[in-house]
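Per-entry structural report
Residues per chain are reported as follows:
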Amino acid sequence: MKIGTVTGSVWATKKSPALTGQILLRVTSDGAEYIACDLVGAGVGEQVILAFGSAARVGQEKIPADAAIVGILDEAEE
Amino acid sequence: MKIGTVTGSVWATKKSPALTGQILLRVTSDGAEYIACDLVGAGVGEQVILAFGSAARVGQEKIPADAAIVGILDEAEE
Amino acid sequence: MKIGTVTGSVWATKKSPALTGQILLRVTSDGAEYIACDLVGAGVGEQVILAFGSAARVGQEKIPADAAIVGILDEAEE
Amino acid sequence: MKIGTVTGSVWATKKSPALTGQILLRVTSDGAEYIACDLVGAGVGEQVILAFGSAARVGQEKIPADAAIVGILDEAEE
Amino acid sequence: MKIGTVTGSVWATKKSPALTGQILLRVTSDGAEYIACDLVGAGVGEQVILAFGSAARVGQEKIPADAAIVGILDEAEE
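Each chain carries its own residue numbering, running from 1 in the direction its sequence is written. Starting at A for chains and at 1 for ligands, labels are handed out in the order in which the entities are written. Restriction of local features to residues with pLDDT of at least 70 applies here, the model being predicted, together with a cutoff of 80 or more for giving and counting side-chain atom pairs; totals for whole chains, interfaces and linings are based on all residues.

Here a strand is any run of E in DSSP of at least two residues, a helix any run of H or I of at least four, and the numbering for each starts at the N terminus. Along the backbone of chain A there are 0 helices and 6 strands. Taken from N to C terminus, the helices and strands of chain A fall in the order β-β-β-β-β-β. Here the radius of gyration uses the C-alpha set of atoms, whereas the globule reference equals 2.2 Å times the residue count to the power 0.38. The C-alpha atoms of chain A give 12 Å as radius of gyration, which agrees with the globular expectation for 78 residues (12 Å, within 12%). Oriented by its inertia axes, the alpha-carbon framework of chain A measures out at about 40 × 25 × 20 Å. Sequence separation of at least 24 residues holds for 55% of the intrachain contacts in chain A that already meet a minimum separation of 6. For every residue pair, C-beta atoms are placed from the backbone, and the pair is scored as a contact if these atoms sit within 7 Å.

This part covers the relation of the copies chain D and chain A. C-alpha atoms of residues with pLDDT of at least 70 in both copies form the basis for the least-squares superposition of the copies. With an RMSD of 0.0 Å, chain D superimposes on chain A once it is rotated by 72° and translated 0.0 Å along the axis. When the rotation and shift are considered jointly, the pair of chain copies conforms to a five-fold rotation axis. Comparing interface residues between copies, only 9% of those in chain D also sit at the interface in chain A, which points to a heterologous contact through distinct surfaces.

The parts lose accessible area when they come together, and the size of an interface is often stated as this lost area. Residue-level contacts link 23 residues of chain C with 22 residues of chain B. Going through the elements one at a time, β1 (2–9), β5 (47–52) and β6 (67–72) of chain C are the ones with two or more residues in the side of chain C that touches chain B. Per-element accounting of the side of chain C that touches chain B gives the leading share, 4 residues, to β6(C). Broken down by class, the residue content of the side of chain C that touches chain B amounts to 14 nonpolar, 5 polar and 4 charged. As judged from the 2 bridges shared by strand β2 (residues 14–15) of chain B and β6(C), these two strands associate in the antiparallel manner. Nonpolar residues are Ala, Val, Leu, Ile, Met, Phe, Trp, Tyr, Cys and Pro. Charged residues are Asp, Glu, Lys and Arg, and all others, Gly as well, are polar. At least two bridges found by DSSP between two strands are what make those strands a pair.

Attention now goes to the interface of chain D and chain A. In this assembly, 22 residues from chain D lie in contact with 23 residues from chain A. Considering every element that reaches the side of chain D that touches chain A, the biggest residue donor is strand β4 (residues 32–38) of chain D, with 4 residues. Grouping the constituent residues of the side of chain D that touches chain A by class yields 12 nonpolar, 4 polar and 6 charged.

With that settled, consider the nonpolar core. The term nonpolar core means buried Ala, Val, Leu, Ile, Met, Phe, Trp, Tyr and Cys residues held together as one set by C-beta atoms within 7 Å. Buried, partly exposed and exposed are defined by the number of other C-beta atoms within 10 Å of a residue's own C-beta, namely 20 or more, between the two limits, and 12 or fewer respectively, with C-beta atoms placed from the backbone. In this structure, L50(A), L50(B), L50(C), L50(D) and L50(E) are the most contacted members of the largest nonpolar core, which totals 150 residues. Those residues in contact with L50(E) that lie beyond four places of it in its chain are M1(E), K2(E), G4(E), V27(E), S29(E), Y34(E), A36(E), A67(E) and I69(E).

Note on the identical chains: chain C maps onto chain B by a rotation of 72° and an axial translation of 0.0 Å, with an RMSD of 0.0 Å. Comparing interface residues between copies, only 9% of those in chain C also sit at the interface in chain B, which points to a heterologous contact through distinct surfaces.

It is worth spelling out unusual backbone geometry at this point. Residue and element names in this part refer to chain A. We note that D30 has phi near 50°; this positive angle belongs to a residue other than glycine. Turning to its location among the elements, D30 is positioned in the loop between β3 (24–29) and β4 (32–38). Overall, the presence of 11 C-beta atoms within 10 Å leaves D30 in the exposed class.

Counting through the fold element by element, I3(C) comes out in strand β1. Along the primary structure I3(C) and G45(C) are separated by 42 residues, whereas in three dimensions their C-alpha atoms are 12 Å apart. Apart from residues lying up to four places away in sequence, I3(C) is in contact with E33(B), I35(B), S29(C), Q47(C), I49(C) and L73(C).

Residue and element names in this part refer to chain A. Summarising the sheet, strand β1 (residues 2–9) and strand β5 (residues 47–52) pair through 4 bridges and their orientation is antiparallel. Residue pairing across strands places T5 opposite Q47, the latter belonging to β5. Alignment of β1 against β3, held across 4 bridges, turns out to be antiparallel. Bridge pairing in β3 links S9 to L25.

Moving on: the confidence of the model for chain A. Scored from 0 to 100, pLDDT records how confident the predictor is in each individual residue. On average, residues of chain A carry a pLDDT of 95, and 96% of them reach 70 or more. Two numbers describe this predicted complex: its pTM, 0.95, and its ipTM, 0.94.

The next thing to look at is the pairing of β6(C). All names here are of chain C. Along β6, 6 of the 6 residues are buried, which leaves the element largely enclosed by surrounding structure. As defined by bridge partners, strand β4 (residues 32–38) adjoins β6 across 2 bridges and the pair is classed as parallel. When the sheet's bridge partners are listed, D38 is paired in β6 with I69.

Before going further, it helps to spend a moment on the environment of K14(D). Counting through the fold element by element, K14(D) comes out in strand β2 (residues 14–15). On the basis of neighbour count, K14(D) is assigned to the partly exposed category, with 16 C-beta atoms found within 10 Å. C-alpha separation for the pair K14(D) and D74(D), spaced 60 residues apart in sequence, amounts to 35 Å. Once residues within four sequence positions are removed from consideration, K14(D) is found in contact with V40(A), G41(A), G71(A) and I72(A).

Moving on, we get to the environment of G71(D). Here G71(D) lies in strand β6 (residues 67–72). Considered as a pair, G71(D) and I3(D) are 68 residues apart in the sequence and their alpha carbons are 9.5 Å apart. For G71(D), the contacting residues outside a window of four places in its chain are V40(D), V48(D), I49(D), A12(E), K14(E), K15(E), S16(E) and L19(E).

Written as structure tokens, this is what we have:
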């Protein structure tokens, strides 16, 4: 996984029906921007743990996603 | 996922039979060009959400594709 | 997927038995060289569509390959 | 796999329930930092073998992780 | 797949039990070093074909590995 920082959200009215209801956040990690499904209720500015690839679909196999926020770093960690 | 911009389409008469009927678009993201299956009806110039890897085959497991356009950013987002 | 150019073939007498009979081609894409299984009869100099990861094993799950040529660009495309 | 060096641990009170009980370590490899599940009891400063992608979930398929420490280099190797 | 050169082996007494008996070799490809399971009896200095990701686990699904040597280039190829 990688550590990233949430920078905002993304709105896409036209999308794969399987993505309906997913919260899609913009996350910056190592200078690159990713769009990730938020599984933990992350907010802008928070440092998060990003999982990539099929790891992002553990527990939600029908979602065409390759990145998910799976944790929020405790503040003392930041 | 990554945000990319559709720059055109690709024609390949000789291809894996499993790709027949797929719309293949050229998408630029972070300075690199990808060929992605279009699942949402994207057009040239639009900003899209690209899913990579096995995520591109969710719902179409028999397609030998590793990239798919799974959403179009709303214009206010661009 | 990525667009690449076939630059030659590869011969490996000692290999995983599961690769026996596979045509392995050298393909250059974005400045890097890959070895890919040829599923479509590509020739040296042709521009091809490369699929990476488990996409390369769609329809041939027992092959330990992570890259496959899944299409040849029409000449007008090159 | 890649060789990396453990540099610390990560605490995330808010996380995917499936990550509960996992030890998450910071590992540096080739100049990049990863967060990996520790499967072997690695400590800070040790050189470890990192497996990425679905390899990190072999034997623990329900964990949304894409990196795991699967071995510790013998000291003579370091 | 990628072409790489075997540069040595790796010893890890503490490792995932599933890796027991695997021969782990150091392989350099495109300037980066990888640790790969050797499936074909490769030796130091030989040029090999490296498969990454789940391709490395074809035929050995229970091994937490993401890279495997699946062929040795014939000398005339080197």
